[in-house]
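These are the residues of each chain, in order.
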Number of protein chains: 4
Amino acid sequence: MSFDFGKNIHLTIFGQSHSKAIGAVIDGLPAGLELDMAAVDAFMARRAPGQKGTTARKESDQPVILSGLVDGKTCGSPLAVMIENSDARPCDYEQFRTVPRPMHADYPASVKYKGYNDISGGGHFSGRLTAPLCFAGAVCIQYLSQKGVKVKACLTEAGGVSGNSIKECIKAAQEDGDSVGGIVGCCITGVPAGVGDSGFDSLESNLSKVLFAIPGVKGVEFGAGFEAAAMKGSQHNDPWCFDQDGSVKTKTNNHGGILGGLSTGMPITFRVAFKPTPSIALPQESIDLASGKSTVLKITGRHDPCIAVRAVPVVEAAAALVLCDYML
Amino acid sequence: MSFDFGKNIHLTIFGQSHSKAIGAVIDGLPAGLELDMAAVDAFMARRAPGQKGTTARKESDQPVILSGLVDGKTCGSPLAVMIENSDARPCDYEQFRTVPRPMHADYPASVKYKGYNDISGGGHFSGRLTAPLCFAGAVCIQYLSQKGVKVKACLTEAGGVSGNSIKECIKAAQEDGDSVGGIVGCCITGVPAGVGDSGFDSLESNLSKVLFAIPGVKGVEFGAGFEAAAMKGSQHNDPWCFDQDGSVKTKTNNHGGILGGLSTGMPITFRVAFKPTPSIALPQESIDLASGKSTVLKITGRHDPCIAVRAVPVVEAAAALVLCDYML
Amino acid sequence: MSFDFGKNIHLTIFGQSHSKAIGAVIDGLPAGLELDMAAVDAFMARRAPGQKGTTARKESDQPVILSGLVDGKTCGSPLAVMIENSDARPCDYEQFRTVPRPMHADYPASVKYKGYNDISGGGHFSGRLTAPLCFAGAVCIQYLSQKGVKVKACLTEAGGVSGNSIKECIKAAQEDGDSVGGIVGCCITGVPAGVGDSGFDSLESNLSKVLFAIPGVKGVEFGAGFEAAAMKGSQHNDPWCFDQDGSVKTKTNNHGGILGGLSTGMPITFRVAFKPTPSIALPQESIDLASGKSTVLKITGRHDPCIAVRAVPVVEAAAALVLCDYML
Amino acid sequence: MSFDFGKNIHLTIFGQSHSKAIGAVIDGLPAGLELDMAAVDAFMARRAPGQKGTTARKESDQPVILSGLVDGKTCGSPLAVMIENSDARPCDYEQFRTVPRPMHADYPASVKYKGYNDISGGGHFSGRLTAPLCFAGAVCIQYLSQKGVKVKACLTEAGGVSGNSIKECIKAAQEDGDSVGGIVGCCITGVPAGVGDSGFDSLESNLSKVLFAIPGVKGVEFGAGFEAAAMKGSQHNDPWCFDQDGSVKTKTNNHGGILGGLSTGMPITFRVAFKPTPSIALPQESIDLASGKSTVLKITGRHDPCIAVRAVPVVEAAAALVLCDYML
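Conventions adopted
- Residues numbered from 1 in each chain as written.
- Chains lettered and ligands numbered in written order.
- Predicted model: local features only at pLDDT ≥ 70, side-chain atom pairs only at ≥ 80, totals over all residues.
- Heavy atoms only, no water.
- Salt bridge = Lys/Arg side-chain N within 4 Å of Asp/Glu carboxyl O.
- Helix = DSSP H or I, 4+ residues; strand = E, 2+ residues; numbered from the N terminus.
- Buried < 20%, exposed > 50% of the residue type's maximum accessible area, 1.4 Å probe, protein only.
- Contact = heavy atoms within 4.5 Å.
- Buried area = accessible area lost by both parts, 1.4 Å probe.
- Polar contact = N/O pair within 3.5 Å; in protein donor to acceptor, adjacent residues only side chain to side chain.
- Nonpolar A, V, L, I, M, F, W, Y, C, P; charged D, E, K, R; others polar.
- Pairing = 2+ DSSP bridges.
- Axes fitted to C-alpha atoms, helices over the stretch in contact; angles between N-to-C directions.
- Least-squares fit on C-alpha atoms with pLDDT ≥ 70 in both.
- Disulfide = S-S within 2.5 Å.

Here we take up the pattern of salt bridges. By the definition in use, this model includes 48 salt bridges over all chains. A salt bridge links E285 of chain B to K251 of chain A; its shortest N-O distance comes to 2.5 Å. With E285 of chain B in strand 17 (residues 284-288) and K251 of chain A in the loop between strand 13 (248-250) and strand 14 (258-259), the pair connects residues from two separate chains. Owing to a relative accessible area of 51%, K251 of chain A belongs among the exposed residues under this scheme. Among the ionic pairs, R128 of chain C bridges to D61 of chain C, the shortest N-O distance being 2.8 Å. On the criterion of sequence distance, the pair formed by R128 of chain C in the loop between helix 2 (106-112) and helix 3 (130-146) and D61 of chain C in the loop between helix 1 (37-47) and strand 4 (64-67) is long-range, its members being 67 residues apart.

Now for the interface of chain D and chain C. Many analyses report the size of an interface as the accessible area lost when the parts associate. Of the residues lining the interface, 101 residues belong to chain D; the matching set on chain C comes to 101 residues. Taken together, the two surfaces of chain D and chain C that pack against each other cover about 7,700 Å², and 64% of this comes from carbon and sulfur. When the buried surface of chain D facing chain C is broken down by residue, F200, K218 and W240 of chain D rank first, second and third, together holding 12% of it. On inspection of chain D and its partner chain C, the count reaches 6 salt bridges. Linking chain D with chain C are 40 residue pairs in polar contact (both at pLDDT 80 or more). Here the side of chain D that touches chain C is built from residues that sort into 50 nonpolar, 31 polar and 20 charged.

A word on the pairing of strand 11 (residues 217-222) of chain C. In the case of a regular strand, side chains alternate between the two sheet surfaces. A large share of strand 11 of chain C lies buried, amounting to 6 of its 6 residues. Where strand 11 of chain C meets strand 16 (residues 268-274) of chain C, 5 bridges bridge the pair, whose relative direction is antiparallel. In the strand pairing of strand 16 of chain C, E221 of chain C is matched with R271 of chain C. Pairing analysis gives 3 bridges linking strand 11 of chain C to strand 11 (residues 217-222) of chain D, with the strands arranged antiparallel. Paired with V220 of chain C across the two strands is V220 of chain D, which belongs to strand 11 of chain D.

Our next topic: the sheet that holds strand 16 (residues 268-274) of chain A. Strand order in this open sheet of 10 strands is 9(A)-8(A)-10(A)-16(A)-11(A)-11(B)-16(B)-10(B)-8(B)-9(B), and the pairing throughout is antiparallel. Two strands bound the open sheet, and with one partner strand each, they are strand 9 (161-162) of chain A together with strand 9 (161-162) of chain B. Against the sheet, helix 7 (residues 307-327) of chain B makes contact with strand 8 (150-158), strand 10 (182-189) and strand 16 (268-274) of chain B, and its axis sits at roughly 150 degrees relative to strand 8 of chain B, the strand it touches most.

With that settled, the discussion passes to the sheet that holds strand 11 of chain C. Strand order in this open sheet of 10 strands is 9(C)-8(C)-10(C)-16(C)-11(C)-11(D)-16(D)-10(D)-8(D)-9(D), and the pairing throughout is antiparallel. The outermost strands of the open sheet, each flanked by one partner alone, are strand 9 (161-162) of chain C together with strand 9 (161-162) of chain D. Relative to strand 8 (residues 150-158) of chain C, helix 4 (residues 165-175) of chain C is tilted by about 60 degrees, and along the sheet it contacts strand 8 and strand 9 of chain C.

Our focus in this paragraph is the relation of the copies chain B and chain A. What relates the pair of chain copies is a rotation about an axis plus a shift along that axis. For the match of chain B to chain A, the screw axis carries a shift of 0.0 Å, the RMSD comes to 0.0 Å, and the turn is 180 degrees. The operation mapping one copy onto its partner corresponds to a two-fold rotation axis. When the interface residues of chain B are mapped onto chain A, 100% of them again lie at the interface, so the same face is used by both copies.

Before going further, it helps to examine the state of the cysteines. In this structure the tally under the stated criterion is 0 disulfides over all chains. No disulfide involves C134 of chain B; its nearest neighbouring cysteine sulfur is the one of C140 of chain B, lying 11 Å away. Between C75 of chain D, a free cysteine, and C140 of chain D, which holds the nearest cysteine sulfur, the sulfur-to-sulfur gap is 16 Å. Classification of C75 of chain D as buried rests on a relative accessible area of 0%.

What follows covers the interface of chain B and chain A. Counting residues at the interface gives 101 residues for chain B and 101 residues for chain A. Summed over the three residues of chain B that lose the most area to chain A, namely F200, K218 and W240 of chain B, the buried surface amounts to 12% of that side. Measuring nitrogen to oxygen at the nearest pair gives 3.9 Å for the salt bridge that ties D197 of chain B to K112 of chain A. Between chain B and chain A we count 40 residue pairs in polar contact (both at pLDDT 80 or more) in total. Its residues assigned to classes, the side of chain B that touches chain A comprises 50 nonpolar, 31 polar and 20 charged.

The operation relating chain D to chain C is a screw motion whose rotation component is 180 degrees, with 0.0 Å of axial translation and a residual RMSD of 0.0 Å. The share of interface residues of chain D whose copies in chain C are also at the interface is 100%, consistent with both copies meeting through the same surface.

Written out as structure tokens, the structure is:
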């Protein structure tokens, strides 16, 4: 039970990297929501492979609506979408059953699923499953937009550098047959105060739950995050104040727009740490489960040198999904 | 809907800081589990106030079992526990309805609950609600212990310092009427490979969901965490190897014992960032919602100078709860 | 995972017949709902034992609010209630571990819980667990009442007779050391059209789910129910018409106020069949699991001759809970 | 949130009668389950239209597996299936927005979905949505079969008659432009004692929840059902006894194989009442929502004269789904 999320909106994702199709079923959307499919396509294109500095795998990523839409508007029945997998090459992956790739799920998945897991392309552990998440996110963004909520993420660091150095750093890693990690920052504006819940359904709880479902995420922090741990209360505490229009604000935003699991009306800010792409061209140590001996693994094919690059819209999608679930 | 967690084990927490009682209902425990109540009490005592360097509030924190236990063993019916609130002083908090405390939930809670929220002692946003979580965690730890799983957390940093400096740093903050943040590291051993799920029910997803329900948590990272974002794949990737007994391991543990949302058999490691205690003795800027003017707030009473100290068993409880839910 | 219900309202019930206490946690109630505790008590008194023609067990059934209520109003935090078990006599029931009572859960419960189930008083299979359900129902009825929704059930048949004969029939059964079954009819008025859902969350799906959780329920039918199966479409179909005030109605109500899982605006009507009380004074055949031989069982103590009598408010509580979950 | 069911197995159904496709996502199946697709097809053919005495609508009903299956075996990732809608004629249904059909969901659906519901073919209220349920049921039946569990339903009554008269009764109704209701009886064998739960997750609770999701169901009863309400305890109580092999049985099965929400090891028996097909050729009274006047509606097209006929495998599917959820 792994690809279901949400209480008011309910998202179910299906598919493996090389199955006939991947897709999503979204239940709970209000009837009458007009979908701007061009905007959905544009959003999904940001995640799609084949961009500069990303994998060369060609997938149209074209979502096919199976149900839930009548004359371009949601009809109250679940919105189901399918994205066909056209560029599957299952033959490349069989070897990883016996020689698991470092930092991939090959080994634990084979234990959990007793060897029946779909190893091809990473199966349902593949980053490709973020395509239907992006579809759902794009729909949620359109709903949130009507409520004045905006979600904006960007790559703030890669391989330890920021700003203009990011591109160079990624390019250098690629040329070395290596990869780099990165950090995606995200800011959500327009959420009124009082959205969220305390306890296990706090805004942070559900945002982190969905963010950690994105392959490669190793850390999530809100507001001042880990830096807060090194601060004094007198430094960290954000004083309440009135805005010019009389609304309640804080002078600073160390709290990242959330207190007690509830939105405060300030921008919701968080940062997501992505690990370096595990598939690198450099030879790596691994083991041969058949022979019981150590071996050296050489991964061929082209891979994103920095998965955080294409993860930017995925982070936005995750955030939009969670906010939508609270605000519906 | 805020204090429910779990699929196989189902925990419901109730109560406010100054309600008649707080407590928990735990459904899904296997029948016949013998509870070591002395161990439960000892675990809860680690979280209880009145310890050196924590608040002076006296609560017996004595759990009273209401149902689910027959002759010291679980009977298959929900295990319900109540902890009476004996030291409540409701009168101190009314002022915070109009003058919200910085970095507390007073303001967003009053918006969400239209002023009907229980402001006294922080209501159900209070850290006191972690007592029933610790009860549940103590029970889960006993179950996990039978499976060879151990959960161990400790305070690794406070106010930016580590080691012996931690005590001094906290003491200095207390003397200044200030507070400091801190970091709790946690390590779970004995989890076999293949526990967890991909997608929204990944180990990281559910661990972070419960961890962010602990008041004051601002960040969660697994394995190398945010540092991974600055690393190259060739540095970060943990090579697979065979242990002396032939079992599968990794040479390093940057992945923190989880890949693809599943345990790898290596220790599961994560770090949790806590903000500085928001209640400090120093005067703070705030607003008066009645007059519409800014004001200065002086919080009296004694408060933990570093909430991360007492949060150590709470982190263990959260981790045990999540692991128990997967392993039942 | 057995005593949880609801999506918008979330009810958790705990306790066994003879545990220290039984109770409920109700999450999701809107903040600011003023509880009329006298009305709650009056509602629960209808279910309480000790009435004419019911068991003589004396329980005050007095609910103690543990949390969630401030100055008589809900505060947004879960409403937790405890009812102490004061009249427990655990010694009577041990024999049923080896000689299971006919038509009771003694045997399957002992299989499921490996003998660790609380056999005393029926454990958590006891009808006593309907007391916290009635508490929750009483609260929901107060919420629904504000929306103009009324829930009214009554005993329409017992032992195959109706009207004035019911009392005589029950009395005769009691004098014979026997028991009788009964039918409770229920009518919910004031629900506007369009409440409910299609599919697995249809009004009938959730109403029946909760109704079948009441001990002794063997059948649930809506509108014409089983009689509809013997009818022609031309007889059964309810024609749409306009009411005098222009609102949409049907001329007849064979559909019982629900079509496609949604309310139509007509009264929601259903009938619930209760089996005869399984505990009767007459000697009964059973088996001795220790000796492997058949035996004769004599159940002592006093038992309701017709459980349907006290089930009337329980049916109302179940209906109110479900409607409340949809209308919140 | 209407088409999701299950805790261990999780079924999501999507689609409308005339959407591009209908389908299902089934999460939680064990990896390595080999699907006999011929058996799945044969099962689904029993529900398919075009049989003698059913609608003439032609749908291949051919399920297309989108994901979750590798080399004919489940791989642990959700099993997604799509059935294309090839015979859609959307033009026939627009009139029902203003003139709602008696006993259909047209009117309440239009209220709930503010007119945005897909009226064509009944939208997602259509009986066609039982096709993906049958797919899921067919898969569950294969899983249960490995555990020795068999599910068998049949039409026991139609229009008030049973046995050989059923065919004649249905034929007569069809010739009259009318329809009849019916009763489907179901028996599940091979379930060991102790499966199920007490309370809201009792076997009866979840079976009825799913059964009432089938369009046209008006009543569900277990064992002696409504007849139990007219019986005495001494008649109704099933004495425990030992079978020849020493296993525990009951001499009679008025309890229908379930006590306290748990299976007893006896056959689980229940009956489901279906209303007469609401769409009949005879002219019917209705209203015109545009003019505010009463009108006469004439429904054209061919419709099943007795929906209970094709519902037989749907009842089996529903039962198998629920049992599978408990036994996984």
